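One-letter residues, chain by chain:
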Amino acid sequence: MDRRTVPRTVGALVGAVLVTGTLLLPSNGAEVDFSHCVEIKVNSSTEKGDLVQKLAEQYNADRRVVGGVCGRVEVEKLTSGAASEHLERGWNEQASEVSEPDVWLPSTSLWARLLEHRRGEDVVSGEDDSIITSPLVIAMPERMAKALGWPERSLGWSDLRDLVNGPGWSEYGHPEWGRFRMGKDNPRLSSSGLAATIATYHAATLAHGGFTERNLDENGDVLTFARNIESSVLHYEKDSVVFLETLYAEEQKASPRPYVSAIAIQEQMVYHYNQGELAGEVTDLGTKAKPRDRLVAIHPDDGTVLLDHPYLVLRGVSEQKRAVAEDFRTYLLAEKQQQAFVEDGFRDAEGETDEIVASSVGSSTRWDTKPIDLPETAMVHTMLESWEKVRLRGSVLLLLDVSESMKETADAAATQVESKLEKLRPAVLRGLELLDDDDEVALWTFATEPAFTEVVPMGRVDKVRDELTAHVKGLTVRGNRTALYEATHAAHEAMREDLDADRINAVVVLTDGHDTTRDGMSRAELLDAIDAEYLDTSVRVFTIAYGKDADRATLAEIAAASKAQSYDASDPNTIEQVFISAFSNF
């Protein structure tokens, strides 16, 4: 594998012995107490988090010394959008499930800019210090890309818009592929989603003078373009790994129709998918079965975003911690560590990768496409507000377990004793806050006698919000059995009967136990009934396993059969964050 050169912008730092004016002493210095090192907490975006953790372990093993004291780095990972939200509100370690960081490594400096715009103050330093790069690409199964004329024909967002507006894949000789469907992350939570939204609006405004308030707010052509792209979205995610996992599972079954036509993701994740590794586990890279139909990374000819992966030190960090942070940055920018990033599918700060990565994703080693000049932060904020107007709407049936076990204490160690149902109510309301007025929502409950109850019929959120809120606050338990299978099947069938192909149609089911009915539908019958064989008419069933006794394995199977996601709230204290994650799909 070719050795990558260190980026010019940071080359002067490599091999330096002075960091913020402090001397790096020999690691075996007898005067240094290695039992009391200065520790810094680093929070990394998820797609590079495992590699950064591995590099931090190597850094710690090197026993580096800064200013007469040793430094130690602990790395945790969180999606960039979620980390930005926690930094904006004041870091809550219980809600985030990770430590408050001293150093933040998001996928793009856009998050830092948005964070400081919302808070109205400086929060981080080092916005221009990029440790690696990765362009946003349109990842497409190779057979689909070739049907569109790739690689001889360049493709972009306008081509996706035309696919949505036209007869779809039948125009290219493949009616069996159905409608064009795209996987996209929620731009308020995900770097890929944010970058894809910016790139979409950039393509939409090319013929109208670029990013302006009027174009984003009032220009009908621009809004129609963006709405067309959003109308192809399967559902929104906070991490596109979910789309890749489902695509891989379907691909391994040799399904004639790919699960998704395209996914807006970082190029690095395309490389991981093609190696058979979806979640970024460095140690597993290249050890699993590779997909038969690889993904290719299409660099949109009408513009894309280069994610710059900055190294950000938070304001208020002590001088000793800042010195260790600067030393760890220098370490990451050294040639050996830069090569490790390249081998993981990233590009260096100058946009270069090696032949192995480039060949895998169908790209070139030197990325010489000019990236989009990113809009001002206030304009990005306006763009997100515009996205809320054009995004695909949801039709969601919320199915909640109210069996006798929901009376049990949620957390025996808590200072304030609450039942699982008491803890659930505010979490449900927090999730529902994420729905727009013109989304649709219904509320059912289930236990036994009867197996399920329609509490609030499906209706526009602005019409049923008050009724829904009152019923959630007044939820009570009933029945000592749990009719999970029968209730889930009934909810799924109700959604199918009134399915709106122009909406995200979904059931969100929560239970704290197992199906305990003696008669009625079996697990196998339910899984057969909700199998999403035809994507254009399917209803996805998102499941939430609540508490330690929930049947997580079955709930995961239910979600997988409908090509949705299962969420784990085994620790009831995480239930609010789980609801936020689940409702971010809509």
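Reference entry: report on the structure contained in this document. Just so it is clear, the model here is predicted, and its values are computed rather than measured.

Thoughts on the sheet that holds strand β19 (residues 540-546)
At step 1: Taken in spatial order, the 6 strands line up as β17-β16-β15-β18-β19-β20 in an open sheet, and their pairing is mixed. Unpaired on one side and paired on the other, β17 (452-460) and β20 (566-569) mark the two borders of the sheet. Neighbour-to-neighbour, the strand axes of this sheet turn through a mean angle of 15°, independent of strand direction.
At step 2: Judged from the 6 bridges that link them, strand β16 (residues 440-446) and β17 form a sheet pairing that is antiparallel. What sits directly across from Trp-444, in β17, is Glu-454.
At step 3: Of the strands in this sheet, β16 and β17 are in contact with helix α18 (residues 461-473), which crosses β17 at around 150°.
At step 4: Relative to the sheet, helix α19 (residues 484-497) contacts β15 (394-401), β16, β17, β18 (504-511) and β19, its axis offset from that of β18 by approximately 165°.

Things to note about the environment of Ile-298
At step 1: Here Ile-298 shows up in strand β12 (residues 295-298).
At step 2: Judged by relative accessible area, which is 3%, Ile-298 ranks as buried.
At step 3: For the pair Ile-298 and Leu-434, spaced 136 residues apart in the sequence, the C-alpha separation amounts to 32 Å.
At step 4: Sequence-distant contacts of Ile-298, defined by excluding residues within four places in its chain, comprise Val-137, Ile-138, Met-140, Ala-145, Trp-150 and Leu-155.

A short note on helix α10 (residues 220-231)
At step 1: Taking 1.5 Å of rise per residue, 12 residues should cover 16 Å, and α10 covers 16 Å from first to last C-alpha, within 8% of that figure.
At step 2: Within α10 the residues assigned to the buried category are Val-222, Leu-223, Phe-225, Ala-226, Asn-228, Ile-229 and Glu-230.
At step 3: Contacts from the buried residues of α10 go to α7 (157-165), β9 (182-185), α8 (191-205), α9 (213-217), β10 (233-237) and α16 (377-390).

Looking at the pattern of salt bridges
At step 1: For the coordinates displayed, the defined rule picks out 38 salt bridges.
At step 2: Taking the shortest distance from any N to any O, the salt bridge between Lys-48 and Glu-47 comes out at 4.0 Å.
At step 3: Judged by relative accessible area, which is 0%, Lys-48 ranks as buried.
At step 4: Residues Glu-121 and Arg-119 are paired through a salt bridge, measuring 2.7 Å at the closest nitrogen-oxygen approach.
At step 5: Overlapping salt bridges, with partners in common, bring together Arg-188, Glu-385, Glu-388, Arg-391, Arg-393, Asp-436, Asp-438 and Asp-439 in one network.

What to know about the packing of α8 against α10
At step 1: Contact geometry for α8 and α10: axes closest at 9 Å, N-to-C directions at 140°. Judged by the angle between their axes, α8 and α10 are oblique. As for how α8 packs across α10, the hand of that crossing is right-handed. Of the residues in α10, those touching α8 at Thr-200, Tyr-201, Ala-203, Ala-204 and Thr-205 are Val-222, Phe-225, Ala-226 and Ile-229.
At step 2: Among the residues forming the contact of α8 with α10, the class breakdown is 7 nonpolar, 2 polar and no charged.

Here's the deal with helix α5 (residues 110-119)
At step 1: Where α5 is concerned, the buried positions are Leu-110, Trp-111, Ala-112, Leu-114, Leu-115 and Glu-116.
At step 2: Where the residues of α5 are buried, they touch α3 (80-89), β6 (103-105), β7 (124-125), α8, β14 (312-314) and α16.
At step 3: One or two residues past the end of α5 sits Gly-120, with phi positive at roughly 70°.

Rules behind the numbers
Residues numbered from 1 in each chain as written. Predicted model: local features only at pLDDT ≥ 70, side-chain atom pairs only at ≥ 80, totals over all residues. Heavy atoms only, no water. Pairing = 2+ DSSP bridges. Helix = DSSP H or I, 4+ residues; strand = E, 2+ residues; numbered from the N terminus. Axes fitted to C-alpha atoms, helices over the stretch in contact; angles between N-to-C directions. Contact = heavy atoms within 4.5 Å. Buried < 20%, exposed > 50% of the residue type's maximum accessible area, 1.4 Å probe, protein only. Expected span 1.5 Å × (residues − 1). Salt bridge = Lys/Arg side-chain N within 4 Å of Asp/Glu carboxyl O. Parallel < 35°, antiparallel > 145°, perpendicular 65-115°, else oblique. Left-handed = near helix turned anticlockwise from the far one by under 90°. Nonpolar A, V, L, I, M, F, W, Y, C, P; charged D, E, K, R; others polar.

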